[in-house]
Amino acid sequence: MRKRLIAGNWKMNLHWNEAMSLVSEIVQNENQSDWSSVDVAVIPPFIYSRPAFEFLKNAGSNIILGSQNCASTENGAFTGEISASMIEQIGATMVLVGHSERRDYYNEDAAVLKEKISRVLEQNLTPIFCCGEHLKQRKSNSHESTIIDQLESVVFQFSGEDVSKMVIAYEPVWAIGKGETASPQQAQDMHAFIRSSFHKKYGSEIADNLRILYGGSMNPTNAAELLSQTDVDGGLIGGAALAADKFKAIIEA
Ligand code: PEP
């Protein structure tokens, strides 16, 4: 039985006061609800991570702290970078790897992403590996081969033991931040396709236990239908994670 995961990626948004208020409102909502059947994660900008962690810890919250990125290298002379071991020390347990914004704006390729996953696993953190096709790949019917390339060049380079520690997020790039969502059927088809490719490579135990999140304009209106699909095990939420009431509605969908 796969436990659902709803993770809110705040990206480079919110000022200090807004970020702390958002954590506090999410914890208030958690206290007033029963979220025991779902894992909930917040993924703030690095600079807010430690105070967010302190807040969650002091409040006795079960909310998981994640990181939006990490360095592909270990600690050392890499100005401006944040290592997986630093992320581990501040209390985060999940790290996004391969978000389309990192791939597209910072040219992160398969070799870099593979190194990042290695660093994350070395610290016993959970990588959330993002994959997804652009609109032109969807239109030319090459979305499945795009995803296979992204998986083969990074995730499938790891052992089954490593892969069993990962989460996959399927995020069609054409649906991220656009207000346009994959239909529930499109999401289910891709998630089933991704799971079957893990099945072929690693067998049923790993494939059946793998959590595959959907990301791309999930919101309180479309969440229930997307999350009811057999192979959709949760959501990676951008815009709607910046409002505590919307995030709560998705968690409870
Ligand atoms: C994301 O960036 O991972 C994302 C899913 O964003 P949004 O929900 O805003 O489309």
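Structure's up top.
Residues numbered from 1 in each chain as written. Predicted model: local features only at pLDDT ≥ 70, side-chain atom pairs only at ≥ 80, totals over all residues. Heavy atoms only, no water.

**Topic: the nonpolar core**
Within the largest apolar cluster, 65 residues are counted, with the highest numbers of intra-cluster contacts made by Phe129, Val155, Ile168 and Phe198. Looking at this core, the element that brings in the most residues is helix 1 (residues 16–31), giving six residues. In contact with phenylalanine 198, other than residues within four places in its own chain, are Leu151, Val155, Phe156, Val163, Ile168, Gly203, Ala207 and Leu210. Core analysis: the next-biggest nonpolar cluster, separate from the first, contains 13 residues, Met94, Leu96, Val167 and Leu236 among them. (Core = buried A, V, L, I, M, F, W, Y, C linked by side-chain atoms within 4.5 Å. Buried < 20%, exposed > 50% of the residue type's maximum accessible area, 1.4 Å probe, protein only. Helix = DSSP H or I, 4+ residues; strand = E, 2+ residues; numbered from the N terminus. Contact = heavy atoms within 4.5 Å.)

**A look at the pattern of salt bridges**
One pass over the structure, following the stated rule, counts 14 salt bridges. A salt bridge links aspartate 39 to arginine 211; the nearest nitrogen and oxygen atoms lie 2.9 Å apart. Residue aspartate 39 is found in strand 2 (residues 38–43), and its partner arginine 211 is found in strand 7 (residues 211–215); the two are separated by 172 residues along the sequence. Overall, the relative accessible area of 18% leaves aspartate 39 in the buried class. Judged by its relative accessible area of 15%, arginine 211 is buried. The partner of glutamate 115 in a salt bridge is arginine 119, with the nearest N and O atoms 2.8 Å apart. In this pair, glutamate 115 and arginine 119 are both assigned in helix 5 (residues 110–122), four residues apart and thus about one turn of the helix distant. A relative accessible area of 12% means that arginine 119 is categorised as buried. One continuous salt-bridge network, built from bridges that share partners, spans Arg2, Arg195, Asp231 and Asp233. (Salt bridge = Lys/Arg side-chain N within 4 Å of Asp/Glu carboxyl O.)

**Examining the environment of alanine 192**
Its location among the elements puts alanine 192 in helix 9 (residues 184–202). Taking the C-alpha atoms as reference points, alanine 192 and threonine 230, separated by 38 residues in sequence, lie 8.3 Å from one another.

**Structural notes on the site of the ligand**
If you check the shell around the ligand, you find 13 residues, and the closest are Lys11, His99, Glu171, Gly177 and Ser217. The contact in question runs from an oxygen atom of the ligand to an N or O atom on the backbone of serine 217, over 2.7 Å. Starting from 290 Å² of accessible surface for the ligand in isolation, the protein chains cover 96%. (Near = heavy atom within 4 Å. Polar contact = N/O pair within 3.5 Å; in protein donor to acceptor, adjacent residues only side chain to side chain. Areas by Shrake-Rupley, 256 points an atom, 1.4 Å probe, with all protein chains shown as cover.)

**With respect to the sheet that holds strand 5 (residues 126–131)**
In a beta sheet, neighbouring strands are held together by backbone hydrogen bonds and run either parallel or antiparallel to one another. A barrel is described by the order of its strands in space; here eight strands give the closed sequence 1-2-3-4-5-6-7-8, paired in parallel fashion. Each strand axis lies, on average, 25° off the axis of its neighbour in the sheet, ignoring direction. With four bridges connecting them, strand 5 and strand 6 (residues 167–170) associate as parallel partners. When the bridges of strand 6 are listed, cysteine 131 appears paired with tyrosine 170. Packing of helix 9 onto the sheet brings it into contact with strand 5, strand 6 and strand 7, and relative to strand 7 it is tilted by some 150°. (Pairing = 2+ DSSP bridges. Axes fitted to C-alpha atoms, helices over the stretch in contact; angles between N-to-C directions.)

**With respect to helix 2 (residues 46–58)**
Over its 13 residues, helix 2 extends 19 Å from the first C-alpha to the last, a length consistent with the 18 Å expected when each residue adds 1.5 Å. Listed as buried for helix 2 are Tyr48, Ser49, Ala52 and Leu56. At its buried positions, helix 2 is contacted by helix 1, strand 2 and strand 3 (64–67). Phi for glycine 60, located one or two positions after helix 2, is positive at around 65°. (Expected span 1.5 Å × (residues − 1).)

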